[in-house]
Amino acid sequence: MAFLTFVFATFIWAGYVYGNERVYSDNITRILDRLLDGYDNRLRPGSGEGVTEVKTDIFVTSFGPVSDVEMEYTMDMFFRQMWVDERLKFEGPIEILRLNNRMVDKIWTPDTFFRNSKKSIAHNMTTPNKLFRIMQNGTVLYTMRLTISAECPMSLMDFPMDGHACPLRFGSYAYTNSEIVFTWRKGLIASVDCPQESMSLLQYDLVGQMLSSEVFKSNTGHYSVQVVHFNLQRKLGYYLIQTYVPLIMVVVLSQVSFWINKESVPARTVAGITTVLTMTTLSISARQSLPKVAYATAMDWFIAVCFAFVASALIEFAAVNYFATLEANRLKKKMRQARQEQLEALAAMSDEEGDDDAASSEGGLKRRNHSVCRSETNAVPIFLQQGSAVPPIPQLAGTSPIDKYARILFPLAFGFFNLVYWIIYLGKDTVEKASWKAT
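None of these values were measured; they are calculated from a predicted model.

Engineer: I would appreciate a short explanation of the nonpolar core in the present structure.
Structural biologist: Nonpolar side chains in soluble globular proteins tend to be buried together. Grouped together as the largest cluster of nonpolar side chains are 82 residues, with contacts concentrated most on F63, Y73, L168 and F230. When residues of this core are assigned to their parent elements, the largest contribution, eight residues, is made by helix α5 (residues 298–352). With residues up to four places along the chain from it excluded, the contact list for Y73 reads F63, P65, V66, I148, S149, A150, E151, C152, C166, P167, L168 and F230.

Here it is, written out as structure tokens:
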């Protein structure tokens, strides 16, 4: 008996629940039918009476990548719009009507578009990613998931210590600000949310965003425009490893030649030419990831100065070799004059002696001349004279004064340049400057 009573109560409860759900569903259906009865989605809310205010906010789900060559950035976001449509007020057992995307086509929605976008994608998998809700007081919430590729004007004069303010501008395409006005729903601080875990940037840090409202003026009227600037600061680590450190090492290697003996002409020549070619290769590879701008960047200035140091090291050796050659020619001329004077003196001594001793004097002169020449020639062994490390004239051995000065002045000048360079560029607030320019 108890079992039959339980089964009977269960059937009664199931019927009650089913009936309530059916009544609830019928109520929502009647509300929707009543809302759409006589509704014209071609007219904006308050048409002919006042201005329609559209409140917006953005939740960024993914930011990046940023392309320096194309000067654009890509972001994935939830774009939310909220406005009041008095024609959609209703009364019923529920406060919010949660509807799918099919209802969107049946009511009026703002004709919002992104003014600086190059490509925009509305996600439709597996169904259109749209959220649509209607409150009892006629407030409408409309959310879409979008992927935007927008242009980002960049000034690369401070590259790679630069910062950029990438703008995102949106507003109504057809309605002027006397018909539709866009505002930030949560104010200028919290209307754009960029969680740290959503950032997918390899070369930049997103240091903040700045919100504002503008009025775009054209020959068809004035339009309300919302603007958000994403402040980006470039990461320096990659360029330090790939460009700056190799450049500094090449300059240091070029200055090692100052410590090589000036008689080692092949070694110093090869070192100078090799460093110049390496510097050229590094400068070309450093520009491959940048657009072909008509002005010099901070990296270009650094490369140019490093190239000047490397070329100066090669020119310094040319100067050392030139003055060493002049000195060698001067010493050879002096030695020839001394030898000629010695021969003349010996000849005069032989004339004062008699004719009988002429033959023996001439032989002695020849022996003395031969011994002088042999002593001068054999001051350095012949097998060492054939190399480049030992000069043929012993008086030319030693360090050139130019090399002595270069060993001190070149490193000091390069170190001073690095100190000034990094103080100037690392001390700049490039993001703030970029933000000011963008606004």
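Read on for the rest.
Engineer: Just checking my understanding: could you explain the sheet that holds strand β4 (residues 112–114) for this structure?
Structural biologist: Strand pairing within a sheet occurs via backbone hydrogen bonds; the two strands may be parallel or antiparallel. Read from one edge to the other, the open sheet built from four strands follows the order β4-β8-β12-β11, with strand pairing classed as antiparallel. Bordering the open sheet on either side are β4 and β11 (204–218), each of which pairs with just one other strand. For this sheet the average axis-to-axis angle between neighbouring strands, irrespective of direction, equals 20°. Across nine bridges, the pairing between strand β8 (residues 163–172) and strand β12 (residues 221–234) is antiparallel. Paired with G171 across the bridge in β12 is V225.

Engineer: How should I be thinking about helix α4 (residues 265–286) in this particular structure?
Structural biologist: Note on helix geometry: an α-helix contains 3.6 residues per turn, so any two residues three or four positions apart are oriented the same way. For α4, built from 22 residues, the straight-helix expectation of 32 Å at 1.5 Å per residue is met to within 8% by its first-to-last C-alpha distance of 32 Å. Within the span of α4, buried status applies to R268, G272, T275, V276, M279, L282, S283 and A286. Mapping the buried residues of α4 onto a view down its axis gives an arc of 130°, with all of them on the same face. Away from the buried face of α4 by more than 90 degrees, exposed residues V270, L277, T281 and I284 are located.

Engineer: Would you mind showing me how to read the environment of W83 here?
Structural biologist: Topologically, W83 is positioned in strand β2 (residues 72–84). Its relative accessible area of 1% is what places W83 among the buried residues. Excluding residues that lie within four positions of it along the chain, W83 makes contacts with P45, E53, V54, W108, T109, P110, G138, T139, V140 and Y142.

Engineer: Can you help me understand unusual backbone geometry in this one?
Structural biologist: Outside of glycine, negative phi angles account for most residues, and trans bonds account for most peptide bonds. Across the junction of G64 and P65, the peptide omega takes the value 5°, indicating a cis bond. For P65, the position within the fold is in strand β1 (residues 52–67). In this model, M71 sits at a positive phi of 55°, which is unusual for a non-glycine residue. Its relative accessible area of 22% is what places M71 among the partly exposed residues.

Engineer: Which parts of the structure should I look at to understand the pattern of salt bridges?
Structural biologist: Any two side chains of opposite charge can pair, given that their charged atoms come close. Within the structure shown, the criterion is met by 15 salt bridges. D205 is the partner of K235 in a salt bridge, and the nearest nitrogen-oxygen pair spans 3.7 Å. Of this pair, K235 sits in the loop between β12 and α3 (237–256) while D205 is found in strand β11, placing the two residues 30 residues apart along the sequence. Of the residues examined, K235 reaches a relative accessible area of 31% and is grouped as partly exposed. Taking relative accessible area as the criterion, D205 reaches 38% and is therefore assigned partly exposed. Each of D57, R80 and R185 takes part in one network of salt bridges that share partners.

Engineer: Got a minute to help me understand the environment of Q196 in this structure?
Structural biologist: Tracing the backbone shows Q196 in the loop between β10 (192–193) and β11. In this structure, the C-alpha to C-alpha distance between Q196 and S62, residues 134 residues apart in sequence, is 9.5 Å.

Engineer: Would you mind going over the state of the cysteines with me for this structure?
Structural biologist: A covalent bond bridging the sulfur atoms of two cysteines is what the word disulfide describes. Going through the model one piece at a time under the given rule, you end up with one disulfide. Paired through a disulfide, C152 and C166 show a sulfur-sulfur distance of 2.0 Å. The S-S bond linking C152 to C166 shows a torsion near -75°; that makes this disulfide left-handed. A residue pair is termed long-range when its members are at least 10 positions apart, and C152 in the loop between β7 (139–151) and β8 and C166 in strand β8 qualify at 14 residues.

Engineer: Can you walk me through helix α8 (residues 401–426) in this structure?
Structural biologist: With 26 residues, α8 should reach 38 Å at 1.5 Å per residue; the first-to-last C-alpha distance of 38 Å fits that figure. R407 marks the point of greatest bend in α8, at about 30°, and the proline P411 comes within the next four residues. Considered for burial, the residues of α8 that qualify are D403, A406, F410, F414, F417, N418, Y421, W422 and Y425.

Engineer: What is the right way to read the pairing of strand β3 (residues 96–99) from this model?
Structural biologist: Working note: regular strand, side chains alternate between the two faces of the sheet. Burial along β3 is one-sided: L97 and L99 are buried, while I96 and R98, pointing the other way, are not. Here β3 runs beside strand β6 (residues 130–135); their pairing, made up of four bridges, is antiparallel. In the strand pairing of β6, L97 is matched with I134.

Engineer: Hey, could you run me through the side chain of Q226 in this one?
Structural biologist: Here Q226 is to be found in strand β12. In terms of polar contacts, Q226 uses its side chain to reach the side chain of S213, at 2.8 Å. When near neighbours in sequence (up to four residues on either side) are disregarded, Q226 contacts T56, L168, R169, F170, F182, T183, W184, S212 and S213.

How each quantity is defined
- Residues numbered from 1 in each chain as written.
- Predicted model: local features only at pLDDT ≥ 70, side-chain atom pairs only at ≥ 80, totals over all residues.
- Heavy atoms only, no water.
- Core = buried A, V, L, I, M, F, W, Y, C linked by side-chain atoms within 4.5 Å.
- Buried < 20%, exposed > 50% of the residue type's maximum accessible area, 1.4 Å probe, protein only.
- Helix = DSSP H or I, 4+ residues; strand = E, 2+ residues; numbered from the N terminus.
- Contact = heavy atoms within 4.5 Å.
- Pairing = 2+ DSSP bridges.
- Axes fitted to C-alpha atoms, helices over the stretch in contact; angles between N-to-C directions.
- Expected span 1.5 Å × (residues − 1).
- Arc of directions from axis to C-beta.
- Salt bridge = Lys/Arg side-chain N within 4 Å of Asp/Glu carboxyl O.
- Disulfide = S-S within 2.5 Å.
- Bend = angle between axes of the 7 residues up to and from the residue.
- Polar contact = N/O pair within 3.5 Å; in protein donor to acceptor, adjacent residues only side chain to side chain.

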